[in-house]
Amino acid sequence: MQVDLFKSRTFLADYNKVGTQVETRKFSIDPCLGSIDDIEKHVICYNTKALNEYKESLKCAIESGRKYDHIGYAGCDNLFEVEALGIAKYCKRYTMILDLSDSLDYMLHRLSKCNIDAIRNMPNYSKISNAIMNYRFDDVEQIFFNSFFQIDHALDEYFVKLLGTANDVTISSDNKMNWIVNKFYVDIINTACSVKDYTMTFLRSKLQKNTFAYRSKSYSAALASVENVFDENIIFHQDGYEDYNVDIKCYEPFGYIKGRVFI
């Protein structure tokens, strides 16, 4: 299915509202669908302590209530992993997830018009993309900002513009590089947020509102509850940009975590 990004005036009027409303959605577990303790029936556990810590973290998130952390205007739901289990009250039959963890190449392309393949061919691309898109750097020892230099001329020009903007901001020279790195990161995450929210608004219209509910989002992913399996490939399209393919995955309750290994 082709998603014509930011083309429809109707969707443009709705997507900011839809993206904000999802952050205030109430949450509770539907005991008829299962409980957090049922996770152990669906995973492979070699480390009971690690599994128990994971379950406890989900229970604590539920107890604290839905909270969003923000980078720029992009939000990350503390209940995303719980929502992904598909056992909340008023859930529909399947949980649908659009995950852009591996799509750093497309976000940089949208920001700078750089070549997508040039970015994807970076050493350790998938690790770097996953770390940046999810704001998780535990699995990446060090991401050097200059590793993005001289990959693509258009991306280099984007960095030159960032430097020019930094020179216009009242900050000390010692903090200038930190400002540039932070702006670079915020631009990436906010771009992903806009793509996700618009796509969810588009899909809600195409799949009918009564069979689709946008329930949660992380920095890299968007999650909806749907009545029917949606297994089409998504093609992001917008004039002036390269087309980009992503897969959407649908899960039955606990399907998201099925087979996860705790070691």
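Now for a description of the structure that goes with this document. All values derive from a computational prediction rather than experimental measurement.

1. Considerations on the sheet that holds strand 5 (residues 94-99)
Argument step 1. Pairing within the open sheet is mixed, and its 6 strands lie in the order 1-8-9-5-7-6. Because the sheet does not close on itself, it has two edges, and the strands there are strand 1 (2-4) and strand 6 (212-217). Each strand of the sheet is rotated relative to its neighbour by a mean of 30°, with strand direction disregarded.
Argument step 2. Where strand 8 (residues 233-237) meets strand 9 (residues 244-251), 4 bridges bridge the pair, whose relative direction is antiparallel.

2. Here we look at the pairing of strand 4 (residues 74-77)
Argument step 1. Where strand 3 (residues 68-71) and strand 4 come together, 4 bridges link them in antiparallel fashion. If you follow His70 over to strand 4, its bridge partner there is Gly75.
Argument step 2. Between strand 3 and strand 4, which pair antiparallel one after the other, the connecting turn spans 2 residues, and Gly72 there sits at a positive phi close to 65°.

3. Remarks on the packing of helix 6 (residues 125-134) against helix 8 (residues 173-206)
Argument step 1. Packing of helix 6 against helix 8 brings their axes to within 9 Å, and their N-to-C directions diverge by 80°. Regarding the angle of helix 6 to helix 8, the classification is roughly perpendicular. Facing Ile132, Met133 and Asn134 of helix 6, the residues of helix 8 in contact are Tyr185, Ile188, Ile189 and Ala192.
Argument step 2. Its residues placed into classes, the contact of helix 6 with helix 8 shows 6 nonpolar, 1 polar and no charged.

4. So, the side chain of Arg66
Argument step 1. By secondary structure assignment, the location of Arg66 is in the loop between helix 2 (48-64) and strand 3.
Argument step 2. Side-chain polar atoms of Arg66 contact the backbone oxygen of Arg25, separated by 2.6 Å.
Argument step 3. Polar contacts involving the side chain of Arg66 include one to the side chain of Glu83, which spans 2.7 Å.
Argument step 4. Beyond its immediate chain neighbours, meaning those up to four positions away, Arg66 contacts Val22, Glu23, Arg25, Lys26, Phe27, Asp77, Asn78, Leu79, Glu83, Arg215 and Ser216.

5. Observations concerning the layout of surface pockets
Argument step 1. Volume-wise, the largest pocket comes out at about 730 Å³.
Argument step 2. Lining the largest pocket are 27 residues, and of these Phe80, Glu81, Asp99, Ser101 and Tyr256 sit closest to its centre.
Argument step 3. Where the lining of the largest pocket is concerned, the elements lending two or more residues are helix 2, strand 4, helix 3 (80-84), strand 5, helix 6 and strand 9.
Argument step 4. If one sorts the elements of the lining of the largest pocket by residue count, strand 9 sits on top with 6 residues.

6. Description of the nonpolar core
Argument step 1. If you look at the biggest cluster of nonpolar residues, it comprises 58 residues, and the most contacted ones within it are Phe148 and Phe236.
Argument step 2. If you tally residues by element for this core, the top one is helix 8, at 13 residues.
Argument step 3. In terms of nonpolar packing, the next biggest core, distinct from the first, is built from 17 residues, Tyr54, Leu85, Cys91 and Ile257 among them.

7. So, unusual backbone geometry
Argument step 1. Its identity is not glycine, yet Tyr90 carries a phi of approximately 70°, on the positive side.
Argument step 2. As for its placement among the helices and strands, Tyr90 is situated in the loop between helix 3 and strand 5.
Argument step 3. With phi around 70°, Phe254 is a residue other than glycine that occupies positive phi space.
Argument step 4. Along the chain, the position of Phe254 falls in the loop between strand 9 and strand 10 (261-262).

Each value, and the rule that gives it
Residues numbered from 1 in each chain as written. Predicted model: local features only at pLDDT ≥ 70, side-chain atom pairs only at ≥ 80, totals over all residues. Heavy atoms only, no water. Pairing = 2+ DSSP bridges. Helix = DSSP H or I, 4+ residues; strand = E, 2+ residues; numbered from the N terminus. Axes fitted to C-alpha atoms, helices over the stretch in contact; angles between N-to-C directions. Parallel < 35°, antiparallel > 145°, perpendicular 65-115°, else oblique. Contact = heavy atoms within 4.5 Å. Nonpolar A, V, L, I, M, F, W, Y, C, P; charged D, E, K, R; others polar. Polar contact = N/O pair within 3.5 Å; in protein donor to acceptor, adjacent residues only side chain to side chain. 1 Å grid on protein atoms, 1.4 Å probe; cavity = no way out; pocket = protein on both sides within 12 Å on 5 of 7 lines; lining within 4 Å. Points joined across faces, edges and corners; volume = space filled by probe spheres on them. Core = buried A, V, L, I, M, F, W, Y, C linked by side-chain atoms within 4.5 Å. Buried < 20%, exposed > 50% of the residue type's maximum accessible area, 1.4 Å probe, protein only.

That's the geometry; what it means functionally is another story.
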